[in-house]
Amino acid sequence: MRIRLLLAAGDRDYEEHLSQVLLDRYEDIFEVQICSTPEQIAELAGKRAFDIALVSPEFAGACSGHPAALTLALLEDGAAGGTAAGIRKYQRISHLVGSLLERYAAVSATAHGGEGGGRVTVAWSPAGGTGKTTAALAYAAQRVAEGKRVLYLNLESFSSSPLYFAESGRSISAVFAKLDGNVEVLLQGLRQ
């Protein structure tokens, strides 16, 4: 599932550049819709729901009738607005994306927490030995201590998780590699 992002920056060049980078580098995360005028935002209000609305302050009024789980103002450097409801317009796109995901995760966790829905936390890095397993297991242990039910799923081929568990098992990656469409093998692997 991709995050539906409404982008209304009031600056066509900025909108096109940002949306193109998001679609090129983060296509598996975002689905982007650009609106260049308040009228376009109003037109979308009845047609489509968005997870995040990233809008310039002059479009904020047009977005009030278009609910999004998270609405953030795109602020110029030095503009008023505070960090809670805004995000800096001109910054590294990787930082902008990180901030969007962090804020959206916080809003999603608040909206869905305690309602029976699951929460997914991922520790990922392309490099080995960076502490992914340690951080993931520490987080899982913290959640268990809070009385939450936890499923730890390790998808690494060469994992360090056997260092933490008395009982060693196979990686789920190994199960998928040997599956070849055999459901019985999948069930045995998941039980293990």
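Residues numbered from 1 in each chain as written. Predicted model: local features only at pLDDT ≥ 70, side-chain atom pairs only at ≥ 80, totals over all residues. Heavy atoms only, no water.

K.L.:
Please clarify how the sheet that holds strand β5 (residues 86-88) should be interpreted in this entry.
P.N.:
What holds strands together in a sheet is hydrogen bonding between their backbones, with the strands either parallel or antiparallel. Pairing is parallel in the open sheet, where five strands are placed in the order β2-β1-β3-β4-β5. The strands lining the two open edges of the sheet, one partner per strand, are β2 (30-34) and β5. Each strand of the sheet is rotated relative to its neighbour by a mean of 25 degrees, with strand direction disregarded. Pairing geometry for strand β4 (residues 68-75) and β5, over three bridges, is parallel. The residue bridging Leu-74 from the neighbouring strand is Ile-87, located in β5. (Pairing = 2+ DSSP bridges. Helix = DSSP H or I, 4+ residues; strand = E, 2+ residues; numbered from the N terminus. Axes fitted to C-alpha atoms, helices over the stretch in contact; angles between N-to-C directions.)

K.L.:
Help me understand the nonpolar core, please; the structure alone is not making it clear to me.
P.N.:
One broad rule of soluble globular proteins: the nonpolar side chains tend to lie buried together. Grouped together as the largest cluster of nonpolar side chains are 22 residues, with contacts concentrated most on Leu-18, Leu-22, Phe-30, Leu-54 and Leu-100. Counting residues per element, the ones that place at least two in this core are β1 (3-8), α1 (12-25), β2, β3 (50-55), β4 and α4 (93-112). Top element by residues in this core is α4. It accounts for five residues. Not counting the four nearest positions on each side in its chain, Leu-100 is found in contact with Phe-30, Ile-52, Leu-54, Leu-70, Leu-72 and Ile-87. (Core = buried A, V, L, I, M, F, W, Y, C linked by side-chain atoms within 4.5 Å. Buried < 20%, exposed > 50% of the residue type's maximum accessible area, 1.4 Å probe, protein only. Contact = heavy atoms within 4.5 Å.)

K.L.:
Please explain the pattern of salt bridges as it appears in this structure.
P.N.:
A complete count under the given rule lists seven salt bridges for this structure. Two residues, Arg-12 and Glu-15, come together in a salt bridge whose shortest N-O distance is 3.7 Å. Placement of both Arg-12 and Glu-15 in helix α1 is noted, with a separation of three residues, approximately one turn of the helix. Ionic pairing is found between Lys-89 and Glu-76, a salt bridge with its closest N-O pair at 3.4 Å. Here Lys-89, found in the loop between β5 and α4, pairs with Glu-76, found in the loop between β4 and β5; they are 13 residues apart in sequence, far enough to count as distant. Residue Glu-76 is classed as partly exposed on the basis of its relative accessible area, which comes to 41%. If you follow the salt bridges from partner to partner, you end up with Asp-11, Glu-76 and Lys-89 in one network. (Salt bridge = Lys/Arg side-chain N within 4 Å of Asp/Glu carboxyl O.)

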